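Residues per chain, in single letters:
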Amino acid sequence: MKLKGLMKVMRTGCACFSISDQEKTYCEEYGGGVEGITQEPWYRDIKDRTVSRISTIGGGIYKVETCITLE
């Protein structure tokens, strides 16, 4: 996948997101886009936490997923 393709996926909400820390998974393969995540009730509790790792996987025939790990 080319960078411009990845940016389109991220912008259009086609990517899914997983957010977790060492104790809890807040969302797994969330498909509601970035705007949807910010509207979730649990987002208020974690929005100011430090991100320790971001990984984006997939592309081509595989669904794109951005995995965010919080400290």
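These numbers come from a predicted model, not from an experiment. Along each chain, residue indices are assigned from 1 in the same order as the chain's sequence is written. Reporting in this predicted model follows two pLDDT cut-offs: at least 70 for local features of residues, and 80 or more for side-chain atom pairs to be given and counted; totals over whole chains, interfaces and linings ignore these cut-offs and use all residues. Note that water and hydrogens are dropped before the side-chain values are worked out from all heavy atoms of the structure.

(A) Looking closely at the overall build of the chain. Each helix is a run of H or I in the DSSP string that is no shorter than four residues. Each strand is a run of E no shorter than two, and both are numbered from the N terminus. A count of helical and extended segments in the chain gives three helices and four strands. The N-to-C order of helical and strand elements in the chain reads α-β-β-α-α-β-β. Relative to the 2.2 N^0.38 estimate, which gives 11 Å for 71 residues, the radius of gyration of the chain is 12 Å and therefore close to what a compact globule would have. C-alpha atoms of the chain, sized along the principal axes, occupy 35 × 20 × 15 Å. The buried label applies to any residue whose accessible area, calculated with a 1.4 Å probe on protein chains only, is under 20% of its type's maximum; exposed applies above 50%, and partly exposed to all values in between. Counting over 71 residues, the chain shows a buried share of 31%. The long-range fraction of contacts in the chain, counting pairs at least 24 apart against all pairs at least 6 apart in sequence, stands at 34%. All accessibility values rest on the Shrake-Rupley procedure with a 1.4 Å probe; residue burial counts only the protein chains present in the view. Surface accessibility of the chain: about 5,200 Å² in total, with carbon and sulfur atoms responsible for 50%. The centroid of the 10 positive side-chain charges in the chain is displaced by 11 Å from the centroid of its 10 negative side-chain charges. Values of the radius of gyration come from C-alpha atoms, whereas the globule rule sets the reference at 2.2 Å times the count of residues to the power 0.38. For this analysis, residues touch if any pair of their heavy atoms sits within 4.5 Å. His is not counted, nor are the chain ends; Lys and Arg add positive charge and Asp and Glu add negative charge. Positions of charges follow a simple convention, taking NZ of Lys, CZ of Arg, CG of Asp or CD of Glu.

(B) Inspection of the confidence of the model for the chain at higher detail. The quantity called pLDDT is the predictor's confidence in a given residue, expressed from 0 to 100. Scored by pLDDT, the chain has a mean of 88; 97% of the residues are at 70 or more. Confidence scores differ between elements of the chain, with helix α1 (residues 3-12) showing the lowest mean pLDDT of 74 and strand β2 (residues 25-30) the highest of 95.

(C) Molecular detail of the environment of Thr69. Along the chain, the position of Thr69 falls in strand β4 (residues 62-70). In this structure Thr69 comes out as buried when scored by relative accessible area, which is 18%. Taking the C-alpha atoms as reference, Thr69 lies 9.3 Å from Thr25; in sequence the two are 44 residues apart. When residues no more than four places from it in sequence are discounted, the contact partners of Thr69 are Ser20, Val51, Ser52 and Arg53.

(D) Quick look at the sheet that holds strand β1 (residues 16-20). Strand order in the open sheet formed by four strands is β2-β1-β4-β3, with mixed pairing between adjacent strands. The sheet is open, and its two edges are formed by β2 and β3 (51-59), each paired on a single side. Strand-to-strand twist in this sheet, taken as the mean axis angle between neighbours without regard to direction, amounts to 15 degrees. Here, any two strands with at least 2 DSSP bridges between them count as paired. Axis definition: a line fitted to C-alpha atoms, limited for helices to the stretch in contact. Angles are taken between N-to-C directions and run from 0 to 180 degrees.

(E) Inspection of the packing of aromatic side chains at higher detail. What counts as a ring pair is set by centres within 6.5 Å for rings of Phe, Tyr and Trp (its six-membered ring), and what kind of pair is set by the plane angle: stacked under 30 degrees, edge-to-face over 60, tilted for all other angles. Summed over all chains, the structure comprises one aromatic pair. Centroid distance Tyr26 to Trp42: 6.3 Å. Interplanar angle 35 degrees. Geometry classified as tilted. Placement of Tyr26 in strand β2 and of Trp42 in the loop between α2 (33-39) and α3 (43-46) is noted, with a sequence separation of 16 residues between them. Across the pair, exposure class does not vary: Tyr26 and Trp42 are buried alike.

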